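What follows is the residue order along each chain.
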Amino acid sequence: MADFIEQVRQFIETHQEWAGLVTGLLTLGESLVLVGLFVPATALMLVTGGLVGSGALDGWTILAWGVAGAVVGDAISYGLGRWLGPGILRRRPLDRQRQTVARARLFFYRYGFASVLLGRFLGPLRAVIPTVAGVMGMPQGRFQLANVLSALVWMPAMLAPGYLAARGMEDGLAGGGGQVVMLIGVGISVMLGLWLLATLLRPRRQPAGARRAKH
């Protein structure tokens, strides 16, 4: 895996004109059902963020392609769930990921819209949540809203560690206006992600009728 990551880094650095497309394909693959379990997106985005921070790549181009790939990947996964229905979760190779699928279904059942927003940040679940949302009949509009919002938060957050490590926080803030805007965007994205996580983990109130029924 380390050799693959290094090969991708060298290709992107050598063929900068292809960097955006490669990033888009990587985030698309990372977002596809099951395929995402085998794409080392975190490591590759750290590397890409470092190349952006060093000035080798244009940050806005990478962000645009990365967000687009993530949105399309999740949309395809959702569409497969809507089209094939519950049967897709019992077919190979998903039938070998029963624990992950069960966790994704429970997560979606409990949190709905928020599960799609946060699922992209939750390791193995992110490759299954969109398909589960499709299987369980989440409305198209609500899914796509959560899909786009999560991609807009996820992509800068994934690039930020590598970017800041390459430049250093002080150098990044002293850089050009575009770099400052990018850092501000990353900060807002991280804060939004933390707020969503806090909202998700907050205990849900039960209706008064449900509480009385238990007694």
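In this text, all values refer to a predicted model and were calculated from it rather than measured experimentally. (Residues numbered from 1 in each chain as written. Predicted model: local features only at pLDDT ≥ 70, side-chain atom pairs only at ≥ 80, totals over all residues. Heavy atoms only, no water.)

*Asks:* Is there a simple way to explain the pattern of salt bridges in this structure?
*Replies:* Proximity of charged atoms lets side chains of opposite charge pair with each other. Scanning the model with the defined rule gives two salt bridges in all. Here Glu-30 ties to Arg-126 by a salt bridge, and the two come within 2.1 Å at their closest N and O atoms. Of the two residues, Glu-30 is situated in helix α2 (residues 19-31) and Arg-126 in the loop between α6 (113-119) and α7 (129-135); the sequence distance between them amounts to 96 residues. In terms of burial, Glu-30 and Arg-126 fall into one category: buried. In this structure, Asp-74 engages Arg-120 in a salt bridge whose closest nitrogen and oxygen atoms are separated by 2.9 Å. Here Asp-74, found in helix α4 (residues 59-84), pairs with Arg-120, found in the loop between α6 and α7; they are 46 residues apart in sequence, far enough to count as distant. (Salt bridge = Lys/Arg side-chain N within 4 Å of Asp/Glu carboxyl O. Helix = DSSP H or I, 4+ residues; strand = E, 2+ residues; numbered from the N terminus. Buried < 20%, exposed > 50% of the residue type's maximum accessible area, 1.4 Å probe, protein only.)

*Asks:* Just to check I follow, could you spell out empty space enclosed by the protein for this structure?
*Replies:* Picture a little ball the size of a water molecule; that probe, rolled over the atoms, points out where space is still empty. Going through the model one piece at a time under the given rule, you end up with one cavity of 30 Å³ or more. Of the volumes computed, that of the largest cavity is approximately 40 Å³. Every residue lining the largest cavity is listed: Glu-30, Ser-31, Asp-74, Val-116, Gly-119, Arg-120, Arg-126, Ile-129 and Pro-130. Those elements giving two or more residues to the lining of the largest cavity turn out to be α2, α6 and α7. Classifying every residue of the lining of the largest cavity gives three nonpolar, two polar and four charged. (1 Å grid on protein atoms, 1.4 Å probe; cavity = no way out; pocket = protein on both sides within 12 Å on 5 of 7 lines; lining within 4 Å. Points joined across faces, edges and corners; volume = space filled by probe spheres on them. Nonpolar A, V, L, I, M, F, W, Y, C, P; charged D, E, K, R; others polar.)

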